[in-house]
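Spelled out from the first residue to the last, the chains are:
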Amino acid sequence: MMDYYYEQLNFTERRIYKSIYVSIVNKESYVYIAHIKKENLEKIYIGISYDHPEIYYIDFSTVNYEIDSCRIRLIFEYLFSRGILATIENKTNQEIERIVSVMSSNSGKGIIQIEKSIHDYMVNSISYDYEALRNKSMNRCSFNIYGVINNRLAVCEGIAKFVKLTLNKLGIECFICGEKCILENEKIEDHAWNVIKIEEDYYHIDVTWDIRRDDAQNKRIVPYDYFNLDDANISRDHFDFNMSFECTSMLYNYHAIMGRFISGKKQLIQLLSDGLALGKDFSFRIKRTINTPDNIDDIVVETFNESVKYNGTNGKQYYLSANKSQLTYYVTVG
């Protein structure tokens, strides 16, 4: 697989990238590099971290350095002592191979099914580490694949690294996109997600933002709000990403594949009627166009309530949750 961030560097930066990478893989304590600006060195750190999620035993934010007139000495601080690192690597690698083996059983069904298997595995089994987000020193492993594999606890960076690693091992091109997001309270935060190549097109997939609970019933749900989006849709709450390619297709968006990409009220009524008749959880997406009314969320809620009343509940409770920025909706059955 191509090292995407390595390819974006200039000649000097690539040489330093290689020197640092080789030293870390060999578990060396330090490496000498040529003089370089701090911001360029930090760009290299991010590149190695994003290109090689299998390097989970070092935190680049803790690398120290000494400068003399000729060169810089980078001093590495490993997350685990040398005495146990080999054992940890062996155990972690075995678990990675086990997970990849399970996911590869879907290989005959194509990229989408493999991608969905990894997405669903993460959404069902990983919890978001809010404490690590507030204070990284609380659990630095939540920022890499170790937290995902061994603790079932991670932040967006660790989740995106695991998605990239597993998809790459299954022969699927996938990168990490690390930039900004805007939360419901309009707070802006750093964020990481993935870009996957399917056939000749690229798509955004943000597994982290699909990991959530249904507060009404206090249970995990498996939404697909951020499963294969184009630039236009992901940009509604993610921004400042600047990849060397564009994501322009919604062909393999989850709701498009499932026939739940709704473009009119008649289609919405039919989908709700069919979904309620099955009595199972389901989700759908409203196709946003220049004709989409500003009060579309009110229309969806009103139509849902009318559908529940018209179709009957058979003693069941139905709940509707919304992602208003994406115009995606999830119906849960109590």
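Computed from a prediction, not measured in an experiment: that's the story for all the values here.

A.B. asks: So what exactly am I meant to see when it comes to the pattern of salt bridges here?
C.D. replies: Side chains bearing opposite charge may pair, as long as their charged atoms lie close to each other. For the coordinates displayed, the defined rule picks out 16 salt bridges. Of the charged contacts in the structure, one is a salt bridge between Glu 13 and Lys 43, with a shortest N-O distance of 3.2 Å. Linking Glu 13 in helix α2 (residues 11-25) with Lys 43 in helix α3 (residues 38-51), this pair joins segments that are 30 residues apart in sequence. For Asp 225, the salt bridge goes to Arg 212, with nearest N and O atoms at 3.2 Å. Taken together, the residues Asp 225 in the loop between β10 (219-221) and β11 (227-229) and Arg 212 in strand β9 (residues 212-214) connect sequence positions 13 residues apart. Each of Asp 59, Glu 77, Lys 136 and Arg 140 takes part in one network of salt bridges that share partners.

A.B. asks: Looking at this model, I keep getting lost on the packing of aromatic side chains. Mind explaining?
C.D. replies: Aromatic ring pairs are described here by two measures, namely the spacing of the ring centres and the angle between the planes. Taken as a whole and assessed by the stated rule, the structure comprises 25 aromatic pairs. A centroid spacing of 5.0 Å and a plane angle of 25° characterise the contact between Tyr 45 and Phe 60, whose relative ring orientation is stacked. Residue Tyr 45 is located in helix α3, and its partner Phe 60 is located in the loop between α3 and β2 (64-67); the two are separated by 15 residues in the primary sequence. The class of Phe 60 is buried, set by a relative accessible area of 13%. Measuring from centroid to centroid gives 6.1 Å for Tyr 203 and Tyr 252, while their planes differ by 65°, and the two rings are edge-to-face. You can see Tyr 203 sitting in strand β8 (residues 201-205) and its partner Tyr 252 sitting in the loop between β12 (238-239) and α10 (254-257), a full 49 residues away along the chain.

A.B. asks: Mind showing me how you'd approach the sheet that holds β8 here?
C.D. replies: Either a parallel or an antiparallel arrangement is found when strands of a sheet pair, and the pairing is made through backbone hydrogen bonds. On the basis of which strands lie adjacent, the open sheet formed by 5 strands has the order β11-β8-β7-β6-β12 and antiparallel pairing. Of all strands in the sheet, those with a lone pairing partner are β11 and β12, marking the two edges. Taken together, the 5 bridges between strand β7 (residues 188-198) and β8 define a ladder with antiparallel strand orientation. Across the sheet, Ile 198 pairs through a bridge with Asp 201, a residue of β8.

A.B. asks: Help me understand the environment of Arg 98 in this model?
C.D. replies: Here Arg 98 lies in helix α4 (residues 82-104). A polar contact of 2.8 Å, which involves the side chain of Arg 98, links it to the side chain of Glu 95.

A.B. asks: I tried to follow the layout of surface pockets on my own but got confused; where do I start?
C.D. replies: It is a probe the size of a water molecule, rolled over the atoms, that shows where empty space is left. Looking at the largest pocket, its volume works out to about 1100 Å³. If you go around the largest pocket, you meet 33 residues; those closest to its centre are Tyr 130, Glu 184, Trp 209, Ile 211 and Arg 212. For the lining of the largest pocket, the elements supplying multiple residues, two or more each, are β4 (127-128), α6 (130-134), β6 (174-182), β7, β9, β10 and β15 (318-323). Partitioned by chemical class, the residues of the lining of the largest pocket number 13 nonpolar, 7 polar and 13 charged.

A.B. asks: Could you clarify how one ought to interpret the sheet that holds strand β13 (residues 261-262) in this entry?
C.D. replies: A sheet is described by the order of its strands in space; here 4 strands give the open sequence β13-β14-β16-β15, paired in mixed fashion. The open sheet terminates on both sides in strands that have one partner only, identified here as β13 and β15. Pairing of β15 with strand β16 (residues 328-333) involves 6 bridges; the strand directions are antiparallel. In the sheet register, Tyr 318 faces β16, and the bridge partner there is Val 333.

A.B. asks: Teacher, can you tell me more about the environment of Gln 317 here?
C.D. replies: Its place among the elements puts Gln 317 in the loop between α12 (296-311) and β15. A sequence separation of 65 residues divides Gln 317 from Tyr 252, and the C-alpha atoms of the two residues are 32 Å apart. In this view, Gln 317 contacts Thr 332, Val 333 and Gly 334; residues no more than four positions away in its chain are not counted.

A.B. asks: Would you mind going over the pairing of β6 with me for this structure?
C.D. replies: Pairing analysis gives 9 bridges linking β6 to β7, with the strands arranged antiparallel. Directly across from Cys 177, in β7, lies its bridge partner Trp 193. Connecting β6 to the antiparallel partner β7 that follows it, the hairpin turn spans 5 residues, and Glu 186 within it adopts a positive phi of roughly 70°. Where β6 and β12 come together, 2 bridges link them in antiparallel fashion. From the neighbouring strand, Lys 180 faces β12, where its bridge partner is Phe 239.

A.B. asks: Explain the pairing of strand β14 (residues 282-286) to me, please; I cannot follow it from the model alone.
C.D. replies: As a general feature of sheets, a regular strand has side chains that alternate between the two faces. β14 sits mainly inside the fold: 5 of its 5 residues count as buried. Burial of β14 is two-sided: the residues Phe 282, Phe 284 and Ile 286 facing one way and the residues Ser 283 and Arg 285 facing the other way are all buried. Sheet topology places β13 next to β14; 2 bridges connect them, and they run parallel. Bridge pairing in β14 links Ile 262 to Ile 286. One crossover worth recording links β13 to the parallel β14 by way of helix α11 (residues 265-278), and it is right-handed. As judged from the 4 bridges shared by β14 and β16, these two strands associate in the antiparallel manner. When the bridges of β16 are listed, Arg 285 appears paired with Thr 328.

Rules behind the numbers
- Residues numbered from 1 in each chain as written.
- Predicted model: local features only at pLDDT ≥ 70, side-chain atom pairs only at ≥ 80, totals over all residues.
- Heavy atoms only, no water.
- Salt bridge = Lys/Arg side-chain N within 4 Å of Asp/Glu carboxyl O.
- Helix = DSSP H or I, 4+ residues; strand = E, 2+ residues; numbered from the N terminus.
- Phe/Tyr/Trp six-rings, centres within 6.5 Å; stacked < 30°, edge-to-face > 60°.
- Buried < 20%, exposed > 50% of the residue type's maximum accessible area, 1.4 Å probe, protein only.
- Pairing = 2+ DSSP bridges.
- Polar contact = N/O pair within 3.5 Å; in protein donor to acceptor, adjacent residues only side chain to side chain.
- 1 Å grid on protein atoms, 1.4 Å probe; cavity = no way out; pocket = protein on both sides within 12 Å on 5 of 7 lines; lining within 4 Å.
- Points joined across faces, edges and corners; volume = space filled by probe spheres on them.
- Nonpolar A, V, L, I, M, F, W, Y, C, P; charged D, E, K, R; others polar.
- Contact = heavy atoms within 4.5 Å.
- Right-handed = clockwise from strand over helix to strand, strands pointing away.

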